[in-house]
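Listed below are the residues making up each chain.
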Amino acid sequence: MRVLVVTAVAAERDAVTAAFPRAPEEVALPGGAVLHRTAGYDVLAAGVGPAAAAAGTATALTAAALAGDPYGLAVSAGIGGGVAPGAPLGALVVAERIVAADLGAEAPEGFLTVTELGFGRDAHRPDAGLVRAVAAATGALSGDVLTVSTVTGSAARAAELTRRHPRALAEAMEGFGVAEAAAAHGTRVLELRTVSNPVGPRDRAAWRIGDALAALTAAFHALPAALASPGLPEGPP
Ligand SMILES: O=C(O)c1cccc(C(=O)CC[C@H]2O[C@@H](n3cnc4c(=O)[nH]cnc43)[C@H](O)[C@@H]2O)c1
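Please read these numbers as outputs of a predicted model, since none were measured by experiment.

### Some thoughts on the overall build of the chain
So, point 1. Looking only at helices and strands, the chain has seven helices and 12 strands in total.
So, point 2. Relative to its length of 237 residues, the chain is compact, with a C-alpha radius of gyration of 17 Å against a globular reference of 18 Å.
So, point 3. Considered along the principal axes of its C-alpha atoms, the chain spans approximately 50 × 40 × 35 Å.
So, point 4. In the chain, buried positions account for 48% of the 237 residues.
So, point 5. A fraction of 77% describes how many contacts in the chain between residues 6 or more apart in sequence connect residues 24 or more apart.
So, point 6. Within the structure as shown, the chain displays about 10,300 Å² of accessible surface, and the carbon and sulfur contribution to it stands at 58%.

Shown next, in the form of structure tokens:
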């Protein structure tokens, strides 16, 4: 199975490819983005936020499909904020649900999701067997991973998100975009995040990006064995 991994920035992409023994080959996509290809894994730094992630993922999935060699899995991967106390700094989280946490409308009675507004869906649920296999092989925690367009920077916003999403373990900015593009192609999806900072009052100096990137490399070192587990589906969802 060919796997597409989508990160936001180049440092995350390089942390993923560092897990593989061979140096990646660069492959240009239509539009000019460049995939880093190694050992069945193509890794794309698509930019920050759900829109950039969806655009990059859709481009890569479409190019592969037109070439007659489609991906079997799309993985949104990178660093993220961890929800205390469940996801401490350095922890690895695999998403049971990939949730668009700020896509919707404010109303006097509270936040309304796009699902409640009747405009589509606010969450994607990766294959549960795949999530279990990845958690077992990598030691990842599993729970909801929220996609936000604005990094949480206050205790009040963190409390509001955890009230609305009690199973949330992490927050990042791209997963839902990758999942929407994957769903449009009938491609399986996963989200993996390593915790660089707590979700809460903004303190950029306290972010542990190096440790989180090292944990990302370790996760991708273990991932191929998980994806090769017997009994896991190979085909489309
Ligand atoms: O400055 C660096 O060296 C550096 C290296 C790797 C990544 C970064 C980023 O800033 C990545 C931005 C990326 O990180 C995710 N992220 C991380 N923490 C949070 C958070 O608390 N809430 C939401 N997103 C978070 C996010 O997916 C961004 O795309 C810098």
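Now that the structure has been shown, we can carry on.
### A word on the UniProt feature "domain: Nucleoside phosphorylase" (unreviewed entry) in the chain
So, point 1. In this numbering, the UniProt entry assigns the feature "domain: Nucleoside phosphorylase" (unreviewed entry) to residues 4–205.
So, point 2. Segment residues 4–205 splits into 30% helix and 35% strand. End C-alpha atoms: 32 Å apart.

### Focus on unusual backbone geometry
Where the residue is not glycine, phi is negative for most of them; where a peptide bond is considered, it is trans in most cases.
So, point 1. The peptide bond linking alanine 84 to proline 85 adopts the cis configuration, its omega dihedral lying at 0 degrees.
So, point 2. In this structure, alanine 39 takes a positive phi of about 45 degrees despite not being glycine.
So, point 3. You can see alanine 39 is positioned in the loop between strand 3 (34–38) and strand 4 (41–45).
So, point 4. Judged by its relative accessible area of 61%, alanine 39 falls in the exposed class.

### Points about the site of the ligand
So, point 1. The local shell around the ligand holds 18 residues, among which Ile79, Glu171, Met173, Glu174 and Asn197 are the closest.
So, point 2. Between glutamate 174 and the ligand, the recorded distance is 2.5 Å, taken from a side-chain N or O atom to an oxygen atom.
So, point 3. Between arginine 193 and the ligand, the recorded distance is 3.4 Å, taken from a side-chain N or O atom to an oxygen atom.
So, point 4. Across the complex, the protein chains shield 82% of the 600 Å² of accessible surface that the ligand would expose by itself.

### Considerations on the environment of arginine 132
So, point 1. Inspection of the secondary structure assignment puts arginine 132 in helix 4 (residues 128–138).
So, point 2. Separated by 60 residues in sequence, arginine 132 and leucine 192 have C-alpha atoms that sit 13 Å apart.

### Here we look at the nonpolar core
So, point 1. Formed by 29 residues in total, the largest nonpolar core has its most connected members in Val5, Val75, Leu190, Phe220 and Leu227.
So, point 2. Elements with a contribution of two residues or more to this core: strand 1 (3–7), helix 1 (10–17), strand 4, strand 5 (73–82), strand 6 (92–100), helix 4, strand 12 (188–198) and helix 7 (209–227).
So, point 3. Ranked by residues supplied to this core, first place goes to helix 7 with eight residues.
So, point 4. Filtering out sequence-adjacent residues up to four positions away, valine 5 remains in contact with Val16, Tyr41, Asp42, Val43, Leu44, Val75, Ala77 and Phe220.

What counts, and at which threshold
- Residues numbered from 1 in each chain as written.
- Predicted model: local features only at pLDDT ≥ 70, side-chain atom pairs only at ≥ 80, totals over all residues.
- Heavy atoms only, no water.
- Helix = DSSP H or I, 4+ residues; strand = E, 2+ residues; numbered from the N terminus.
- Rg over C-alpha atoms; globule rule 2.2 N^0.38 Å.
- Buried < 20%, exposed > 50% of the residue type's maximum accessible area, 1.4 Å probe, protein only.
- Contact = heavy atoms within 4.5 Å.
- Areas by Shrake-Rupley, 256 points an atom, 1.4 Å probe, with all protein chains shown as cover.
- UniProt positions renumbered as here; feature names shortened; annotations may be inferred.
- Near = heavy atom within 4 Å.
- Polar contact = N/O pair within 3.5 Å; in protein donor to acceptor, adjacent residues only side chain to side chain.
- Core = buried A, V, L, I, M, F, W, Y, C linked by side-chain atoms within 4.5 Å.

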